[in-house]
Structures are given as C-alpha cells and as structure tokens.
Amino acid sequence: MYGFEYHKPSSLDEAAKLLADNEEASLIAGGHTLLPTMKQRLAAPSAIVDLGGIADLKGIREEGGNIVVGAITTHDAVAGSDVVQAKIPAMARLAGGIGDPQVRNRGTIGGSIANNDPAADYPAGLVGLGAIVRTNKREIPADDFFVALFETALEEGEIVKEVSFPVPEKAGYAKFHNPASRYAIVGVFVSRGPQGVRVAVTGAGPCVFRVKEMEDALSGNWSADALKGITVPEDELNADLHASAEYRAHLVGVMARRAVQAATA
Amino acid sequence: MPTVTMTVNGQQVSRDVEPRTLLVQFLREELGLTGTHVGCDTSQCGACVVHVDGTSVKACTALAMQADGSEVTTIEGLANNGELHPMQAAFKEHHGLQCGFCTPGMVMSAVDLLKRNPDPDEDTIRHWLEGNICRCTGYHNIVKAIQHAAKEMRG
Ligand SMILES: Cc1cc2nc3c(=O)[nH]c(=O)nc-3n(C[C@H](O)[C@H](O)[C@H](O)COP(=O)(O)OP(=O)(O)OC[C@H]3O[C@@H](n4cnc5c(N)ncnc54)[C@H](O)[C@@H]3O)c2cc1C
Ligand code: FES
Ligand code: FES
C-alpha cells in the first residue's frame, strides 16, 4: 500500500471540502473494499477522508413511513435493527447474509452502493424496493443510481448521506452465493408496495437490472408459479469460473421464485 | 506523522504512525502483541481478528488511525491474572486446535458470538465462523469447544 494523508472530518461539509481540495483523495467508510484494493495497488489515493467521525451519517430511523439508513451504518447494524426487522425483514436478511460477521461489523451501506460491485447484495435491495439515495447534493432514485460495472451516478466529490427505503407490503430476497466470498453469483430481490411490483437481479450481469416480464407476471398474480417459464436472455450475463452465463440465466429464474416464496409482509 | 492513541488490553498507548499502518501491523510491530496473526492479509481468513469497541474485526483490514480513540482487545488481553478465559480453556480442553495458527482469531470471533448469543446451536456457530479459516482441525472440535465454553459461561 502506498502512503497517503489521513483526515477524519466531523461534518459532511468538511468532508466535501477535503475532497474538493485533494483531487486524488478517496473516502473511506468500512474500508472492506478500499483497503484490499489499495493493498493490491489498484488504488493509490493521495489522501484518505474517513467518514467514521461524522455522527449524522450513522443510524437508522423512521421518517414519513420510510426507513432511512445512514451511509456509514454497518451491515451488522441493519441486520440487527428492530425497525428493519419489523418493517422490511427481507432487507435485514439481505444485510445479514453479506460476507461474514467481521465483514458485516465494518462494511457499510454507503460504501457498498458507491462501489457498485456487480456481485454485491445492496444494489438488488435498493432497486428491488425503489429506494432513494440522498447525497450531500441531491436525491437519486435507485433506478438511476447504479449505472454500469463499478459505476454509479455519483459525481466527483459527491458523498452518499443516506438511503431512504419505502416500506413494502411484501418483499423477499434469495441469493445463490459464492461459497468462498459469499458474494452473489445471482441474487434476486422482489417486492410489492408503494413503488409497484419490482424484481431486481444482482450478480448475474455487469450491473443490477430489473426484469419487466417477471414484474408484469407478479402484478397479475403474486406467486412463484406466475414466474414459471419466464427466462432472461443470457447474452449479456457474466461468465466466469464460478458460473457460465447460461447457468446464471437459469439461476435468475430459480432465485426469483425462491424470493417470492420467501417474501413476507 | 500523525499520532494514534487507543486503549489496548486496558492500557492506553500512543504512537506516531504512518497513516498507512494497518491495525494488525500496529499491534504486532509497534506493540509487540504477536498473538494476533496474519494469515492471508486479504480479509479472508480471520487469523487477525481482534475486538474494537467490543466487536470482532479483521485487523488486517483496518487502519490503525481508524481505531484512534477506541478500546482494542487482543488474544493477549483475554486471560485474567494468568487464568485462561473460558473460551481459551475450552479450546485447550476440547482439542480445538492443532497448529494453532488460526486459534487467536477463532477465539476472538467466538467470544464476540457468545456476547450476542450465549446459547448458539451448532448451525449458528458454523455460520458465525464463515470468516475464520482453519487448515488443520476440520472445525469439529472448534465447534465443540465453543459449545462447551458457552455452557461454562452461562454457568
Ligand atoms: C471477505 C469479504 C466478503 C464480502 N462479501 C460480500 C457479500 O457477500 N456481499 C456484498 O454485497 N459485499 C460483500 N463484501 C463487500 C462489503 O460489503 C463491503 O463492506 C462493501 O463493498 C464496501 O463497504 P465499505 O464500507 O467497506 O466501503 P469502503 O471500502 O470504505 O469504500 C468503498 C468505496 O466507496 C467509496 N465510499 C464509501 N463511502 C462512501 C459514501 N458515503 N459516499 C460516497 N462514496 C463512498 C469509497 O471512496 C470507496 O471507493 C465483502 C467484502 C469482503 C472483504
Ligand atoms: S489476515 Fe486478516 S483476514 Fe486473513
Ligand atoms: S489449527 Fe492450524 S489452522 Fe487452525
């Protein structure tokens, strides 16, 4: 790992100013993606701006019927939250299935979505519920936030502040995980609620995507059976040593049906 | 160089460090607490697990600066006046180790589990250990040791 300056601001404004003043600076939250990348020298920021000292970014609250999760809230805190467990149990289960306990004790929702790993779990949760990402500058609907492989709508110097989740009538998540890393080979999040019926798929393609045909089928008949026979084209799916594109396409169908079966109110 | 201050095993320590110093390097190289091991250095194996403010973390994937102001406990801080912590005693008693390389991380991880769940079943224990890799034991006696420690600690 190359050397860098270290800053720990206590407000979002101060953090934004540090980013503006240091062109090669990088934010750090849980560090569970950034530090491994820096060790491999795939990233070499000149300065690190630690979000860990900004109290406003941490915690979970209910606001106008939505569940709002601060950017530096850990996966463990989301998984163990009474409010999340009561209102969106599928989201608590999603967070509780990320990596291993020590990854969940450090990794954060803001870091996960800003990184937009194609195999990460949260992108499916955000798009699958129609969440809103609030930054220090604006609000971005989840559908527009995840742009492409490791790419988001965040601009230079923009910081994720929190994510606001509408509370669904029903939601479920099913993931076929990589047995070594626990990342999703395919993960499907389904929900029915204020944002309509949604089916969001992670792990299968370069970026999270929705499956309209499945959403239409579930709108008419919310049951695993309604999804029978619906397939996704394999041409744009990922293929690697863990799974071929053909197998991933198959898993999308299986995981979608399991997610509907697992869906709870 | 910035100064980092933290409480390690009950004692306050302060050192000037390069910002890129990892927590595990700080513990091993600055403080000489070599009970915390480095297995993979890539966040996978859990040999480096310590507690930061009461929760288990992989010390190879945290900067020392991120633990500024925190309470850190390492394997060296578990025993009380020369008496092994019940988890350490259970690993010894139930043969929960062979080469011992993974053991400090296993023990620290298991202590965190029992804080959250004093009576975990076998399945819960095995899931909890997803971040701790052991190349020797096959995990069987590790799970047994944790079950016995849990019983002992519940009293
Ligand atoms: C062994 C292992 C297993 C894992 N398994 C899984 C898994 O099963 N599923 C899964 O989804 N993930 C998994 N992860 C990733 C984990 O969830 C990370 O926590 C996550 O990818 C990044 O979060 P972080 O807080 O650690 O971010 P960091 O590493 O601190 O930051 C990541 C990136 O996001 C930027 N960033 C951080 N916070 C913000 C913010 N508020 N605003 C703007 N940019 C920001 C940083 O600058 C950096 O570029 C795993 C990681 C490890 C090491
Ligand atoms: S050395 Fe830290 S996880 Fe392996
Ligand atoms: S006892 Fe040798 S690695 Fe676990």
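Residues numbered from 1 in each chain as written. Chains lettered and ligands numbered in written order. Predicted model: local features only at pLDDT ≥ 70, side-chain atom pairs only at ≥ 80, totals over all residues. Heavy atoms only, no water.

K.L.:
Go over the site of ligand 1, please, and point to the residues and values.
P.N.:
Residue and element names in this part refer to chain A. Taken together, 32 residues sit near ligand 1, with Leu27, Leu34, Thr108, Asp121 and Arg182 positioned nearest. In this structure, aspartate 121 approaches ligand 1 through a side-chain N or O atom, which is 2.7 Å from a nitrogen atom. Among the secondary structure elements, those contributing two or more residues to the shell around ligand 1 are β2 (25-28) and α7 (109-115). Broken down by element, the residue count for the shell around ligand 1 peaks at four residues, all from α7. (Near = heavy atom within 4 Å. Polar contact = N/O pair within 3.5 Å; in protein donor to acceptor, adjacent residues only side chain to side chain. Helix = DSSP H or I, 4+ residues; strand = E, 2+ residues; numbered from the N terminus.)

K.L.:
Break down the UniProt feature "domain: FAD-binding PCMH-type" (unreviewed entry) in chain A for me, with residues and values.
P.N.:
Within this numbering scheme, the UniProt entry marks residues 1-170 of chain A as carrying the feature "domain: FAD-binding PCMH-type" (unreviewed entry). Helix makes up 36% of residues 1-170 of chain A and strand 24%, with an end-to-end C-alpha separation of 45 Å. (UniProt positions renumbered as here; feature names shortened; annotations may be inferred.)

K.L.:
Explain the pattern of salt bridges to me, and be specific about the residues and the numbers.
P.N.:
Summed over the entire model, instances satisfying the criterion amount to 26 salt bridges over all chains. Measuring nitrogen to oxygen at the nearest pair gives 3.0 Å for the salt bridge that ties aspartate 143 of chain A to arginine 198 of chain A. Note that aspartate 143 of chain A is positioned in helix α9 (residues 142-145) and arginine 198 of chain A in strand β13 (residues 196-202), a separation of 55 residues in sequence. Residue aspartate 143 of chain A is classed as partly exposed on the basis of its relative accessible area, which comes to 38%. Where glutamate 122 of chain B meets arginine 126 of chain B, a salt bridge forms, and the shortest distance between an N and an O atom there is 2.8 Å. (Salt bridge = Lys/Arg side-chain N within 4 Å of Asp/Glu carboxyl O. Buried < 20%, exposed > 50% of the residue type's maximum accessible area, 1.4 Å probe, protein only.)

K.L.:
Give me the lowdown on the nonpolar core, citing residues and values where you can.
P.N.:
Met91, Ile113, Tyr122, Leu126, Phe146, Phe165 and Phe189 of chain A are the most contacted members of the largest nonpolar core, which totals 38 residues. Tyrosine 122 of chain A has contacts with His75, Val78, Met91, Leu94, Ala95, Ile98, Ile109, Ser112 and Ile113 of chain A, leaving out every residue within four places of it along the chain. Ranked by size, the runner-up nonpolar core spans 32 residues in total, among them Leu23, Val24, Ala64 and Val72 of chain B. (Core = buried A, V, L, I, M, F, W, Y, C linked by side-chain atoms within 4.5 Å. Contact = heavy atoms within 4.5 Å.)

K.L.:
Run through the interface of chain A and chain B, naming residues and quoting values.
P.N.:
In this complex, chain A contributes 24 residues to the contact, which on the side of chain B involves 23 residues. Roughly 2,100 Å² of surface becomes buried between chain A and chain B when both sides are summed, with 54% attributable to carbon and sulfur atoms. Connecting chain A to chain B are four salt bridges. With its nearest N and O atoms 3.2 Å apart, the salt bridge here joins glutamate 130 of chain B to arginine 182 of chain A. The interface formed by chain A and chain B holds eleven residue pairs in polar contact (both at pLDDT 80 or more) in total. Listing elements by their share of the side of chain A that touches chain B, those giving two or more residues are α2 (34-39) and α6 (101-106) of chain A. Tallied by class, residues from the side of chain A that touches chain B come to ten nonpolar, seven polar and seven charged. (Buried area = accessible area lost by both parts, 1.4 Å probe. Nonpolar A, V, L, I, M, F, W, Y, C, P; charged D, E, K, R; others polar.)

K.L.:
Go over helix α3 (residues 103-116) of chain B, please, and point to the residues and values.
P.N.:
When the terminal C-alpha atoms of α3 of chain B are compared, their 20 Å separation across 14 residues agrees well with the 20 Å that a helix rising 1.5 Å per residue should span. With twelve of its 14 residues buried, α3 of chain B lies for the most part within the structure. (Expected span 1.5 Å × (residues − 1).)

K.L.:
Report on the sheet that holds strand β12 (residues 184-193) of chain A, specifying residues and quantitative values.
P.N.:
Residue and element names in this part refer to chain A. Spatially, β11-β12-β13-β14 is the arrangement adopted by the four strands of the open sheet, whose pairing is antiparallel. At either margin of the open sheet sits one strand with a lone partner, and together these are β11 (170-177) and β14 (209-210). Sheet topology places β11 next to β12; eight bridges connect them, and they run antiparallel. Bridged to lysine 170 within β12 is arginine 192. Relative to the sheet, helix α5 (residues 89-96) contacts β11 and β12, its axis offset from that of β11 by approximately 20°. With respect to the sheet, helix α8 (residues 122-129) is in contact with β11, β12, β13 and β14, its orientation differing from that of β13 by roughly 165°. (Pairing = 2+ DSSP bridges. Axes fitted to C-alpha atoms, helices over the stretch in contact; angles between N-to-C directions.)

K.L.:
Which residues make up the environment of glutamate 139 of chain A, and what values do they have?
P.N.:
Residue and element names in this part refer to chain A. Following the sequence through the fold, glutamate 139 ends up in strand β7 (residues 139-141). The partly exposed category is assigned to glutamate 139, whose relative accessible area is 49%. Distance in space between the C-alpha atoms of glutamate 139 and lysine 161 is 9.8 Å, their sequence separation being 22 residues. There is a polar contact of 2.8 Å between the side chain of glutamate 139 and the side chain of arginine 134.

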